[in-house]
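What follows is each chain in one-letter form.
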Amino acid sequence: MKPYRKYKVIRKVEENSLVVSLYLAPIDDRPLTLFMPGQHLMFKLHIPGQPVPVFRYYSFSDIYSPEYYRVSIKKESAPLNNPTLANGLASSYLYDCVKEGDILEAKGPSGDFYLNPGDNKPVVLIAGGIGITPLLSMVKSIAKINPDKMVYFFYGVNGSGEHSFQTEIQELRKGYDNLTITTFYNKISLGDVQGLHYDHEGYINIKTILQITQDIHLDYYICGPGVMMNYVTGELEALGVRKDNIHTESFNNRSYQNLQEETLESLTNEESLKNDTVFSIEFLRSGKKIQWDDRYRSILEFAEGNDIEISSGCLFGDCGTCLTEVREGNVHYLHKTLASIDKGKCLPCSCIPTSNVVLNV
Ligand SMILES: Cc1cc2nc3c(=O)[nH]c(=O)nc-3n(C[C@H](O)[C@H](O)[C@H](O)COP(=O)(O)OP(=O)(O)OC[C@H]3O[C@@H](n4cnc5c(N)ncnc54)[C@H](O)[C@@H]3O)c2cc1C
Ligand code: FES
């Protein structure tokens, strides 16, 4: 099990009305572990009122510094079509409650969505909304160390109110010949100046990308809303870009409507699953057999809360990293998963047990 480490929040910066950056310094004397641009930390959050820890990933949004890590968090609001639902649990806590001086626990760096800023292969970075965090780390790392690597950076946001890191991006635009940065605003507001605040009105689109890059056969790194990622990857593949040249990271931000439907369905099922039967989960390779605690949201979080590590990439059933062999027993899924589940296996990040379960992990 990779250890969790404690960090003090040494600075909290409001990037806009929805996004805060937290600067984290270790409270021990050991140096900060190096990370590759694009990687993330897994946070173990002790949120007041929550009976068990909450686990979430947040990507590094800056280049490596030996002094601190920076992560940037977008406060996820309740769905527009149902404002009575709760705001995002972890992001609201980090945005509203965590303050300078507080201590947070996290482990990592981890993640395979990263690039090597040292090679000279041209790269296209495509970010939507808060999906900018890993890509900002990438573009800043390249700016710092490799003037010979061409970068085409496309950033789409709803409008000026959600345009994070404007000053940093302006500096990148002005200072580096190898960076071409293009911003899309979906909605233009009074005072928005084309060429200064934004370049194009509307969503990120493949025609504009191609006009700027003039070459399709490049490496692509894409992070943003699912709709945007599906659109861009679909267009690139249709144009003949090989799948292994397209790298994506999903932040789990599915459409609110889908999440709502899936969550309500699962809550109904979850209620009917609650009974007095006590289940155990046996983790074969870890040699632990533990009584299931239904305050956890998933088997993976339960395992993590009991110091058993199951590899993960998304915590939402999208990436398939946590796929685990089920030797015995049954599980129930709390939402639809994008990753396919082979027979005899389960995605522990997205299910809970409905009987005694034996997992080969
Ligand atoms: C690899 C990776 C890196 C990431 N990096 C970042 C990053 O750099 N920055 C960042 O901000 N995020 C990042 N994320 C996303 C982050 O991990 C969280 O998923 C995100 O902050 C939302 O968590 P939450 O606890 O706030 O929301 P949750 O509590 O999980 O809720 C999610 C959404 O569902 C809504 N909701 C709540 N209840 C219901 C209901 N009953 N029905 C329907 N909807 C409901 C909430 O209002 C919210 O909008 C990353 C994710 C991954 C996988
Ligand atoms: S962690 Fe991604 S599918 Fe389970």
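On a predicted model such as this, the values are computed, not experimentally measured, just so you know. (Residues numbered from 1 in each chain as written. Chains lettered and ligands numbered in written order. Predicted model: local features only at pLDDT ≥ 70, side-chain atom pairs only at ≥ 80, totals over all residues. Heavy atoms only, no water.)

When you look at the sheet that holds strand 14 (residues 288–291) in this model, what are you seeing that I'm missing?
The pairing of strands in a sheet comes from backbone hydrogen bonds and takes either a parallel or an antiparallel form. Spatially, 14-13-19-15-17 is the arrangement adopted by the five strands of the open sheet, whose pairing is mixed. Each having just a single partner strand, strand 14 and strand 17 (345–346) make up the two edges of the open sheet. Bridge count for strand 13 (residues 280–283) against strand 19 (residues 357–359) is three bridges, and the pairing is parallel. Within the sheet, the bridge partner assigned to phenylalanine 283 lies in strand 19 and is leucine 359. (Pairing = 2+ DSSP bridges. Helix = DSSP H or I, 4+ residues; strand = E, 2+ residues; numbered from the N terminus.)

Looking at this model, I keep getting lost on the pairing of strand 6 (residues 103–110). Mind explaining?
Side-chain positions along a regular strand alternate between the two faces of the sheet. Where strand 1 (residues 5–14) lies against strand 6, four bridges are found, and the strand directions are antiparallel. Note that in strand 6 the partner of lysine 8 across the bridge is isoleucine 103. The sheet contact formed by strand 3 (residues 40–45) and strand 6 spans four bridges and is antiparallel. Opposite histidine 40, over in strand 6, you have serine 110 as the bridge partner.

What am I meant to see in the packing of aromatic side chains here?
How two aromatic rings sit relative to each other is set out by the distance from centre to centre and by the angle between their planes. Summed over the entire model, instances satisfying the criterion amount to 14 aromatic pairs. With 5.8 Å between their ring centres and 65° between their planes, phenylalanine 43 and tyrosine 58 make a pair best called edge-to-face. A residue pair is termed long-range when its members are at least 10 positions apart, and phenylalanine 43 in strand 3 and tyrosine 58 in strand 4 (residues 54–59) qualify at 15 residues. For the residue pair phenylalanine 43 and tyrosine 58, the accessibility class agrees, reading buried in each case. Taking the centre distance of 5.2 Å and the plane angle of 20° together, the rings of tyrosine 185 and tyrosine 198 count as stacked. Here tyrosine 185, found in strand 9 (residues 179–185), pairs with tyrosine 198, found in the loop between strand 9 and strand 10 (200–201); they are 13 residues apart in sequence, far enough to count as distant. Tyrosine 185 gets classed as buried once you look at its relative accessible area, which sits at 0%. The rings of Tyr7, Phe35, Phe60, Tyr64 and Tyr69 are connected pair by pair, giving a single aromatic cluster. (Phe/Tyr/Trp six-rings, centres within 6.5 Å; stacked < 30°, edge-to-face > 60°. Buried < 20%, exposed > 50% of the residue type's maximum accessible area, 1.4 Å probe, protein only.)

I'm lost on helix 2 (residues 132–145) in this one. Help?
Think of an α-helix as turning once every 3.6 residues; residues three or four places apart then point the same way. Here helix 2 spans 20 Å end to end across 14 residues, near enough to the 20 Å set by a 1.5 Å rise per residue. Judged by how many residues are buried, helix 2 sits mostly within the fold: twelve of 14 residues are covered. When helix 2 is considered as a whole, its buried residues turn out to be Ile132, Thr133, Pro134, Leu135, Leu136, Ser137, Met138, Val139, Lys140, Ser141, Ile142 and Ala143. (Expected span 1.5 Å × (residues − 1).)

Any chance you could explain the domain arrangement of the chain here in plain terms?
Bring the parts together and some accessible area is lost; that lost area is often taken as the interface size. For the chain, the assigned domains read domain 1 (5–110), domain 2 (123–249) and domain 3 (256–359). Using only C-alpha atoms to locate each centre, domain 2 and domain 3 end up separated by 35 Å. (Domains from an automatic or database assignment.)

Can you help me understand the site of ligand 1 in this one?
In the vicinity of ligand 1, 31 residues are found, and the nearest of them are Tyr57, Tyr58, Ala86, Ala90 and Ser91. Take serine 59: an N or O atom from its main chain is 3.2 Å from an oxygen atom of ligand 1. Interatomic distance of 2.5 Å between a side-chain N/O atom of serine 91 and an oxygen atom of ligand 1. Surface burial for ligand 1 is 89%, taken as the share of its 980 Å² of free accessible area covered by protein chains. Among the secondary structure elements, those contributing two or more residues to the shell around ligand 1 are strand 4, strand 5 (69–74), helix 1 (89–97) and helix 6 (256–273). Partitioned by chemical class, the residues of the shell around ligand 1 number 14 nonpolar, twelve polar and five charged. (Near = heavy atom within 4 Å. Polar contact = N/O pair within 3.5 Å; in protein donor to acceptor, adjacent residues only side chain to side chain. Areas by Shrake-Rupley, 256 points an atom, 1.4 Å probe, with all protein chains shown as cover. Nonpolar A, V, L, I, M, F, W, Y, C, P; charged D, E, K, R; others polar.)

Whenever I open this one, the pattern of salt bridges confuses me. Can you help?
Pairing between side chains becomes possible if they bear opposite charge and their charged atoms approach one another. Applying the stated criterion to the full structure yields 20 salt bridges. Measuring nitrogen to oxygen at the nearest pair gives 3.1 Å for the salt bridge that ties aspartate 28 to arginine 30. One salt bridge connects glutamate 309 with lysine 107, and the closest N-O pair in it is separated by 2.5 Å. In this pair, glutamate 309 sits in the loop between helix 7 (299–305) and strand 15 (324–328) while lysine 107 sits in strand 6, placing the two residues 202 residues apart along the sequence. Through salt bridges with shared partners, one network takes in Lys2, Lys107, Glu304 and Glu309. (Salt bridge = Lys/Arg side-chain N within 4 Å of Asp/Glu carboxyl O.)

Please clarify how the environment of aspartate 62 should be interpreted in this entry.
You can see aspartate 62 is positioned in the loop between strand 4 and strand 5. Aspartate 62 sits 39 residues away from tyrosine 23 along the chain, and the two C-alpha atoms are 10.0 Å apart. A polar atom in the side chain of aspartate 62 sits 3.0 Å from the side chain of lysine 140.

I tried to follow the sheet that holds strand 2 (residues 19–26) on my own but got confused; where do I start?
Across the sheet, which stays open at both edges, the six strands sit in the order 4-3-6-1-2-5 with antiparallel pairing between neighbours. Where the open sheet ends on each side, the last strands, each with one partner, are strand 4 and strand 5. Across the sheet, the axes of successive neighbouring strands diverge by a mean angle of 40°, strand direction being ignored. With six bridges connecting them, strand 2 and strand 5 associate as antiparallel partners. Within strand 5, the position partnered with serine 21 by the bridge is serine 72. (Axes fitted to C-alpha atoms, helices over the stretch in contact; angles between N-to-C directions.)

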